Amino acid sequence: MRLPCLPLLATLVLAAPALPAATTVLRGPYLQTATPTSLVVRWRTDTTEGSFVRYGLTADALNQTAKAFGIGTEHIVQLSELLPGRRYFYSVMGSAENKDGDGKILRVPVYAFTTPPPTGPASPTRVWVLGDPGTKGATQLAVRDAYTKFAGDRTADLCLLLGDNAYPDGTDADYQKAIFEVYPEMLRTTPLWSTLGNHDGHSANSITQSGPYYDIFTFPTRAQAGGVASGTEAYYSFDYANIHFVCLDSHDTPRTPDGAMAQWLKADLAATTRDWIVAFFHHPTYTKGTHDSDREGRLVDMRQNFLPILEAGGVDLILTGHSHVYERSYLLDGHYGKSESFNATLHVKQPGNGRAGGDGVYRKPRGRAPHAGEISVVTGSAGSAGSKSKPPTLDHRAMWISLNEPGSVVLDLDGLRLDLTFINEKGEKRDSFTIEKN
Ligand SMILES: [Fe+2]
């Protein structure tokens, strides 16, 4: 949902009924478009009421208030003039004093979030990456729990969803069951970002910016969080510390090489001065998992039309889903054909597994060096893996490792070092690599 230029609006109704005695929060709160100094808090209630967030730097002193005009059940409140890199405590309320119809002050839960650090300087950053999570099944829960146990006290600073977030159709009800009821604690504390998948696209339209996906999320269209303004929530960018994140829409926005998304991507990459560029979208450039990048149009488009732009712009890491497997490449560059045309001599910038205790970490020059190599990671198994009775071939030649296992990715960046780890649904660390910049 686009943010209006005016202060944030709740869903408006004309008549103002008396506040009920008690309200149930049905969804959230969840955190959107986080910047070092601002954040959007969203939630849904079962009854119509106002939209107020009380917040402060200590849990017992929520001495600041932000609000949206009007009353409704969908609440979107922007907090502004926050301090970067600080832990805030907050509560969501239906009125300024949160009194019930009898004037009694209601007790409300207090949650916490941490604002992103100042943009530019390095800051240790953890990202939890979930591809194709929303099956609503036992595997999704196992992947969630395995990550939670792995992470321990070092929780993520932000979460990326790689699309197909809520099966089967990305409807509001699908999102309720597959996202909001599965990750409630994470959503209250960790800003969430997403790209559109084909199942989300069953009920959403990127051209008109409509449908549940666009109603549920609030992403920057005006470069509020860094980067170049895209004018759309379908594709956008944002900064976190010394990292530039780029979200593309591989499903429903035209993927022509001279189209609006490609032109925006070129401008956005040219403008960034961050140390790292991480791109994420749904359809992989390389996969031989439950989908085949040699045969499927959207995957071919992303490889042929967008990968050259990303590589020329100095991309370091590409995260995709769609294929319900985990596949991770060598440090590579310049491969835009089918798997059979992959030539290690031509396309591998640095061979080996990228591990300090193995073949050695991948090394790249600091700064925006074009075609210095990226790692391609397909991680589309946060909700399920491919069939065991008819397993995928997993033989794409660009990949150093390919696994038909459920799991999720943990990305840790610290200064000029990037570590990526794949954790399966049993909590086993099944892959890792490091990129260091000199
Ligand atoms: Fe998909």
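Quantities reported herein were computed from a predicted structural model and do not represent experimental measurements.

Trainee: Would you explain the sheet that holds strand β19 (residues 407-414) in this entry?
Mentor: What links the strands of a sheet is backbone hydrogen bonding, and the strands pair in either a parallel or an antiparallel sense. The mixed open sheet is built from seven strands, whose spatial order is β8-β7-β6-β19-β20-β21-β16. A strand with exactly one partner marks an edge of an open sheet, and here the two such strands are β8 (192-194) and β16 (362-364). Averaged over all pairs of adjacent strands, the angle between strand axes in this sheet comes to 20 degrees, irrespective of strand direction. Where β16 and strand β21 (residues 429-437) come together, three bridges link them in parallel fashion. Bridged to Tyr362 within β21 is Ile435.

Trainee: Whenever I open this one, the sheet that holds strand β10 (residues 243-247) confuses me. Can you help?
Mentor: As summarised here, the arrangement of the seven strands in space is β9-β10-β11-β12-β17-β13-β18, forming an open sheet in which the pairing is mixed. The sheet is open, and its two borders are formed by β9 (236-240) and β18 (399-403), each paired with just one other strand. On average, each strand axis in the sheet is tilted by 15 degrees relative to the strand beside it, whichever way the strands run. Sheet topology note: the strand β11 (residues 276-280)/strand β12 (residues 317-320) ladder contains three bridges and is parallel. Note that in β12 the partner of Val278 across the bridge is Leu317.

Trainee: Looking at this structure, how should I read the pairing of strand β20 (residues 417-424)?
Mentor: Within a regular strand, side chains alternate between the sheet's two faces. Most of β20 sits inside the fold, with seven of its eight residues counted as buried. Note that β19 and β20 share eight bridges and pair antiparallel. Residue Leu411 lies in a different strand from β20, and its bridge partner there is Leu420. Linking β19 back to β20 in an antiparallel pair, the connection comprises two residues, with Gly415 at a positive phi of about 65 degrees. Bridge analysis of β20 against β21 gives seven bridges, and the strand direction is antiparallel. Its bridge partner being in β21, Phe422 is matched across the sheet by Asp431.

Trainee: Would you mind going over the coordination of the iron ion with me for this structure?
Mentor: A four-donor tetrahedral metal ideally has 109.5 degree angles, and a six-donor octahedral metal ideally has angles of 90 or 180 degrees. The protein atoms donating to the iron ion are Asp164 (OD), Asn198 (OD1), His282 (NE2) and His322 (ND1), with metal-donor distances spanning 2.1 to 2.2 Å. What the four donor atoms of the iron ion show is an angle range of 87 to 168 degrees at the metal, which sorts the shape as irregular.

Trainee: Please clarify how the domain arrangement of the protein should be interpreted in this entry.
Mentor: For an interface, size is often stated in terms of accessible area lost upon the parts coming together. The domain boundaries assigned to the protein delineate domain 1 (25-114) and domain 2 (125-437). Taking the mean C-alpha position of each, domain 1 and domain 2 sit 31 Å from one another. The interface of domain 1 with domain 2 comprises 19 residues on the first partner and 18 residues on the second. Both sides together, the interface formed by domain 1 and domain 2 hides about 1600 Å², and carbon and sulfur atoms give 45% of it. Considering only the surface of domain 1 that becomes buried against domain 2, Arg27, Gln32 and Thr33 emerge as the three largest contributors, covering 35% of it. The tally of links from domain 1 across to domain 2 stands at two salt bridges. Taken together, the links from domain 1 to domain 2 amount to 13 residue pairs in polar contact (both at pLDDT 80 or more).

Trainee: Would you mind going over the environment of Cys247 with me for this structure?
Mentor: Within the secondary structure, Cys247 is located in strand β10. For Cys247, a relative accessible area of 0% translates into the label buried. Distance from Cys247 to Thr171, taken between C-alpha atoms, is 21 Å for residues 76 residues apart in sequence.

Trainee: Help me understand the nonpolar core in this model?
Mentor: Across soluble globular proteins, nonpolar side chains have a tendency to be buried as a group. Judged by nonpolar contacts, the single largest core of 92 residues is most densely connected at Leu160, Phe245, Leu248, Phe280, Leu317, Leu319 and Leu420. Look past the residues within four positions of Leu317 in its chain and what remains in contact with it is Ile277, Val278, Ala279, Glu374, Ile375, Val377, Leu411, Leu418, Leu420 and Phe433. Among the nonpolar cores identified, the runner-up in size contains 17 residues, and Trp43, Val77, Leu82 and Phe113 belong to it.

Trainee: Even after reading the chapter, I still don't get helix α2 (residues 172-180), so can you show me in this structure?
Mentor: Buried within α2 we find Asp174, Tyr175, Gln176, Ala178, Ile179 and Phe180. Against β1 (25-35), β2 (38-56), α1 (138-151), β7 (158-161), α3 (184-189) and α4 (212-216) lie the buried residues of α2.

What counts and how
Residues numbered from 1 in each chain as written. Predicted model: local features only at pLDDT ≥ 70, side-chain atom pairs only at ≥ 80, totals over all residues. Heavy atoms only, no water. Pairing = 2+ DSSP bridges. Helix = DSSP H or I, 4+ residues; strand = E, 2+ residues; numbered from the N terminus. Axes fitted to C-alpha atoms, helices over the stretch in contact; angles between N-to-C directions. Buried < 20%, exposed > 50% of the residue type's maximum accessible area, 1.4 Å probe, protein only. Donors = N, O, S within 2.8 Å, 3.2 Å for Na, K, Ca; no water. Tetrahedral: all angles 85-135°; square planar, octahedral: opposite > 155°, others 65-115°. Domains from an automatic or database assignment. Contact = heavy atoms within 4.5 Å. Buried area = accessible area lost by both parts, 1.4 Å probe. Salt bridge = Lys/Arg side-chain N within 4 Å of Asp/Glu carboxyl O. Polar contact = N/O pair within 3.5 Å; in protein donor to acceptor, adjacent residues only side chain to side chain. Core = buried A, V, L, I, M, F, W, Y, C linked by side-chain atoms within 4.5 Å.

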